[in-house]
Amino acid sequence: MSDSRHSRRAFLKGAGGVAAGGIVGPSALASSATESTTRAPKRLAGELDVELSINGAKQKVRCQPRTTLLNALRNHCDPPLTGTKLVCDHGSCGACTVLVDDEPACSCLLLAVDARGKEVRTVEGLANEDELSPVQAAFVEHDALMCGFCTPGFVMSITACLEKNPGASLPEIKSACAGNTCRCGTYPHIFDAAVAAGGRMRKGGSK
Ligand code: FES
Ligand code: FES
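Residues numbered from 1 in each chain as written. Chains lettered and ligands numbered in written order. Predicted model: local features only at pLDDT ≥ 70, side-chain atom pairs only at ≥ 80, totals over all residues.

Draft legend 1. Here's a closer look at the sheet that holds strand 5 (residues 119-121). Across the sheet, five strands lie side by side as 2-1-5-3-4; this open sheet has mixed pairing. Each edge of the open sheet carries a strand with a single partner, namely strand 2 (57-63) and strand 4 (103-106). Each strand axis lies, on average, 45 degrees off the axis of its neighbour in the sheet, ignoring direction. Sheet analysis places strand 1 (residues 48-54) next to strand 2, joined by seven bridges and oriented antiparallel. What sits directly across from I54, in strand 2, is A57. Contacts between helix 3 (residues 69-76) and the sheet are confined to strand 2 and strand 5, with strand 2 contributing the most and set at about 95 degrees to the helix. (Pairing = 2+ DSSP bridges. Helix = DSSP H or I, 4+ residues; strand = E, 2+ residues; numbered from the N terminus. Axes fitted to C-alpha atoms, helices over the stretch in contact; angles between N-to-C directions. Contact = placed C-beta atoms within 7 Å.)

Draft legend 2. Just the packing of helix 4 (residues 134-141) against helix 7 (residues 187-202), in detail. Where helix 4 meets helix 7, the axes come as close as 8 Å, and the angle between the chain directions of the two elements is 135 degrees. Regarding the angle of helix 4 to helix 7, the classification is oblique. Handedness of the helix 4/helix 7 crossing: right-handed. Across the interface between the two elements, P134, V135, A138, F139 and E141 of helix 4 pack against A193, A196, A197, R200 and M201 of helix 7. Taken together, the residues that form the contact of helix 4 with helix 7 break down as eight nonpolar, no polar and two charged. (Parallel < 35°, antiparallel > 145°, perpendicular 65-115°, else oblique. Left-handed = near helix turned anticlockwise from the far one by under 90°. Nonpolar A, V, L, I, M, F, W, Y, C, P; charged D, E, K, R; others polar.)

Here's what the structure looks like:
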């Protein structure tokens, strides 16, 4: 039976409700102004239909050749997949980390067209119905988020690390998160959560 403290809804509220907190860089503001407009029903000049495989489901997104995977996830998918965060938009913070063929990747640096034929996993794809993944549940238990903007990226990097090796050591986990930055300084809680998640996965956690 799932614990309400660990429900998918509670986690996404924590990680996704941060938009109201106002910690959004200039590029994010610019992006929201240009990207969140309602999609036109007809294909505009230069647009193309790109078939992506996201969290195990095929999805056709209409976008420009220059559209990043991050932009496609957040603004061109139906429904929008906004769990993956836009912060720096330049590959330096890791907030936009997704798994592409099980490898962590900054989705702000990857074009949507280049994700064709690959399996993309986002934070929305980790939970099993209302049951959080071991990493997500450990983040809740260890209070491993403050503003939450970095959280999906850390969760994806740690998930990739522990799925390959649930027995990863703390230095190995830290190395796997080398591309992720937490401006709130939640690192001790994040790494406590990661170590606990590894222990849970070694005992047969679902992921
Ligand atoms: S938003 Fe992609 S690395 Fe910061
Ligand atoms: S919890 Fe705020 S940036 Fe990490």
